[in-house]
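Coordinate inspection notes
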Amino acid sequence: MEIHPYLIFEGRCEEALTYYHDAIGAETTHLMRFRDNPEPGGPCSGSPEHQDKILHASFDIGGATVMASDGMCSGKPSFQGVSLVLTAPDGATAERMFAALGKGGQVTMPLDKTFFASHFGMVADKFGVHWMVIVPNPV
């Protein structure tokens, strides 16, 4: 059994996929647009302006699969109560990813040394997705 986060970007999914590719090296592994849906109907499918929006996508970040969609295409994504954790292999990588995710977003806890990690910080990216970036202390 596996659990995968599913992010609903409400019309900004394609922008998010490009952003995560550039910021943290995410690779899109699957992408289906509303126009490609073999069973017409559902959210956004009736609107001609939404046919190029993303019905479903999967992307890989360091071996983990994250799924995403434009959802109802409302233009108002809301990500509350959940954070995605990025475990970086070293401080330089953590600093680079944290800075990239923070560009246009909001740092909620600056990246710094803690009792449990050489680097730990929290940031909400420009889409409102909450991230924790960490380089854990060696065990």
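Residues numbered from 1 in each chain as written. Predicted model: local features only at pLDDT ≥ 70, side-chain atom pairs only at ≥ 80, totals over all residues. Heavy atoms only, no water.

**As for the sheet that holds strand S7 (residues 117-124)**
Pairing within the open sheet is mixed, and its four strands lie in the order S5-S8-S7-S6. Pairing within the sheet leaves two strands with one partner each, and these edge strands are strand S5 (83-87) and strand S6 (106-112). Taken over all neighbouring pairs, the strand axes of this sheet differ in orientation by 15 degrees on average, direction set aside. Sheet topology note: the S5/strand S8 (residues 130-136) ladder contains five bridges and is parallel. Across the sheet, Val85 pairs through a bridge with Met132, a residue of S8. (Pairing = 2+ DSSP bridges. Helix = DSSP H or I, 4+ residues; strand = E, 2+ residues; numbered from the N terminus. Axes fitted to C-alpha atoms, helices over the stretch in contact; angles between N-to-C directions.)

**Considering the pairing of strand S3 (residues 54-61)**
Look at any regular strand and the pattern is simple: side chains alternate between the two faces of the sheet. With respect to burial, S3 is a largely interior element, six of its eight residues being buried. In this sheet, S3 lies alongside strand S2 (residues 27-33) in antiparallel orientation, the contact comprising six bridges. Considered in S3, the bridge of Glu27 is made with Asp60. In this sheet, strand S4 (residues 64-69) lies alongside S3 in antiparallel orientation, the contact comprising five bridges. From the neighbouring strand, Ser58 faces S4, where its bridge partner is Met67. What sits between the antiparallel neighbours S3 and S4 is a turn of two residues, in which Gly62 has the positive phi angle 55 degrees. (Buried < 20%, exposed > 50% of the residue type's maximum accessible area, 1.4 Å probe, protein only.)

**Considerations on the packing of aromatic side chains**
Describing an aromatic ring pair means giving the distance of the ring centres and the angle of the ring planes. Enumeration over the complete set of coordinates arrives at ten aromatic pairs. Aromatic pair Phe9 and Phe127: ring centres 5.5 Å apart, planes at 80 degrees, arrangement edge-to-face. Residue Phe9 is located in the loop between strand S1 (6-8) and helix H1 (13-24), and its partner Phe127 is located in the loop between S7 and S8; the two are separated by 118 residues in the primary sequence. The same class applies to Phe9 as to Phe127, namely buried. Through successive ring pairs, a cluster of aromatic residues spans Phe9, Tyr19, Tyr20, Phe59, Phe79, Phe127 and Trp131. (Phe/Tyr/Trp six-rings, centres within 6.5 Å; stacked < 30°, edge-to-face > 60°.)

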